[in-house]
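Examination of the molecular architecture
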Amino acid sequence: MLPKVLVVDDAAFMRMRSRQLLTEHGYQVEEAENGQEAVEKYKENRPDVVLMDITMPVMDGITATKEIMKLDQGARIVICSAMGQQSMVIEAVKAGAKDFIVKPYQPEKVLSAIKKQAENSG
Amino acid sequence: MKVEFINPFVEAAYRVLKQEVGAEIEKGQLSIVESAHTSEEVTVMIGVVGRVQGAVFYGMSEKTAKQMAAKMLGQSTPVFDSMAESAIAELGNVITGLASGGLEKAGYQCRLAPPTVIFGRGVIISTVNIKRLVIPLSTQYGRIQINVALRENGPPLELNAPGSGAGEQVRRL
């Protein structure tokens, strides 16, 4: 079965970009527009990996990461954000993120991080 | 307006515009203005809170926005639709996010709000007593004007000071 990735970003453009990239490389993709929707979709679908933005309305990516980790201590969450401040990376890792990719978006880095986490999931 | 606020934005804009749309950039004369900001045809606005507060604006013509969005989307954008809008908003978001890393290094930790896109030239946006640094950039897609309206909100943190978070160790899993 194809590994499932939940792409969480408030920007439709970024969701489209990640969907195209990941489906071309053999992943199933689900999308969520904010952290709250991501938590709900995680409960329903238990994806292998979550690709999570930070700055989003309704619920930000750090809060969503904490909420998902409460549901599943084994969740594999990769943060992909423009907010590459050192303090933010530390906050994300403390929340439970397994990797942190700083934008500008580099497809090869995203693929590499997702592949690594997908191999380690479940 | 502190000089530490300038370079992070200039460097981030060069890097992001080069990488995302292959822009060849020429920086114009910087200026500092006190009057309210008047929007261009397309303006991306991003709020900033923390040790610095205010907003950053990225203004351009609709033609410039369409051309850059087309490059990002890999298809022509005869109409500036919601996907093109999202792409241009993301450009502003990534430049500001990258610049926030430079601000943190100077001791000014901050957080960003999701981007807002304003359509229509001539909308007057007051930055309420915050002076604006204007950074004009010329590209092959047209002119992009970055307006940085930020002020200090408390003294800068030492990078490794308690509470800065920056002295802690990141344990990669």
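See above for the structure.
Presented here is a report on the structure given in the accompanying data block. These figures come from a predicted structure and were not determined experimentally. (Residues numbered from 1 in each chain as written. Chains lettered and ligands numbered in written order. Predicted model: local features only at pLDDT ≥ 70, side-chain atom pairs only at ≥ 80, totals over all residues. Heavy atoms only, no water.)

1. Quick word on the overall build of chain A
In terms of regular secondary structure, chain A is built from five helices and five strands. What you see for chain A is a C-alpha radius of gyration of 13 Å, in line with the 14 Å of a compact globule of 122 residues. Dimensions along the principal axes, computed over C-alpha positions, put chain A at roughly 35 × 30 × 25 Å. Taking contacts inside chain A between residues at least 6 apart in sequence as the whole, the part at least 24 apart equals 61%. For chain A, the exposed area adds up to about 5000 Å²; of that, 46% sits on carbon and sulfur atoms. When the 16 positive and 18 negative side-chain charges of chain A are each reduced to one mean point, those points stand 5 Å apart. (Helix = DSSP H or I, 4+ residues; strand = E, 2+ residues; numbered from the N terminus. Rg over C-alpha atoms; globule rule 2.2 N^0.38 Å. Contact = heavy atoms within 4.5 Å. Areas by Shrake-Rupley, 256 points an atom, 1.4 Å probe, with all protein chains shown as cover. Lys, Arg positive; Asp, Glu negative; His and termini not counted. Charge placed at Lys NZ, Arg CZ, Asp CG, Glu CD.)

2. Some points on the environment of A12 of chain A
For A12 of chain A, the position within the fold is in helix 1 (residues 12–24). Its relative accessible area of 26% is what places A12 of chain A among the partly exposed residues. For the pair formed by A12 of chain A and E31 of chain A, sequence separation is 19 residues and the distance between their alpha carbons is 9.6 Å. The contact partners of A12 of chain A, leaving out residues within four places of it in the chain, are M83 and S86 of chain B. (Buried < 20%, exposed > 50% of the residue type's maximum accessible area, 1.4 Å probe, protein only.)

3. A short note on the interface of chain B and chain A
Each partner contributes to the interface: chain B provides 31 residues, whereas chain A provides 32 residues. Buried area between chain B and chain A, summed over both chains or domains, comes out near 2600 Å², and the portion from carbon and sulfur atoms is 56%. Counting the contacts that link chain B with chain A gives three salt bridges. Of the charged contacts, one joins R111 of chain B and E91 of chain A as a salt bridge, the two residues approaching to 3.2 Å between their closest N and O atoms. Summed over the shared surface of chain B and chain A, the number is ten residue pairs in polar contact (both at pLDDT 80 or more). Where the side of chain B that touches chain A is concerned, the elements lending two or more residues are helix 1 (6–21), helix 2 (62–73), helix 3 (82–105) and strand 6 (110–112) of chain B. (Buried area = accessible area lost by both parts, 1.4 Å probe. Salt bridge = Lys/Arg side-chain N within 4 Å of Asp/Glu carboxyl O. Polar contact = N/O pair within 3.5 Å; in protein donor to acceptor, adjacent residues only side chain to side chain.)

4. A short note on the nonpolar core
If you look at the biggest cluster of nonpolar residues, it comprises 94 residues, and the most contacted ones within it are M52 of chain A together with F9, L17, Y58, M68 and I88 of chain B. For this core, the element with the highest residue contribution is helix 3 of chain B, accounting for ten residues. Residues in contact with I88 of chain B, not counting those within four places in the same chain, are V42, V44, M60, A65, M68, A69 and F80 of chain B. (Core = buried A, V, L, I, M, F, W, Y, C linked by side-chain atoms within 4.5 Å.)

5. Describing the pairing of strand 4 (residues 42–50) of chain B
All names here are of chain B. Relative to strand 5 (residues 52–60), strand 4 runs antiparallel, the two sharing seven bridges. Among the inter-strand pairings, V42 is bridged to a residue of strand 5, identified as M60. Between strand 4 and strand 5, which pair antiparallel one after the other, the connecting turn spans one residue. Looking at chain direction, strand 4 and strand 7 (residues 116–119) are connected through four bridges and run antiparallel. The partner of M45 across the bridge, within strand 7, is T116. Note that strand 4 and strand 6 share three bridges and pair antiparallel. Directly across from V49, in strand 6, lies its bridge partner R111. (Pairing = 2+ DSSP bridges.)

6. Some words on the pattern of salt bridges
Enumeration according to the criterion identifies 16 salt bridges over all chains in this entry. Residue E67 of chain A pairs with K70 of chain A through a salt bridge whose shortest N-O separation is 3.0 Å. Taken together, the positions of E67 of chain A and K70 of chain A, both in helix 3 (residues 61–71) and three residues apart, correspond to about one turn of that helix. On the basis of relative accessibility, which here comes to 27%, the residue E67 of chain A falls in the partly exposed class. Sharing partners across several salt bridges, the network here consists of D9, D53 and K103 of chain A together with E90 of chain B.

7. Observations concerning the side chain of S86 of chain B
Summarising the element assignment, S86 of chain B is placed in helix 3. Overall, S86 of chain B belongs to the buried group, its relative accessible area being 10%. Aside from chain neighbours lying at most four places away, what touches S86 of chain B is A11, A12 and F13 of chain A.

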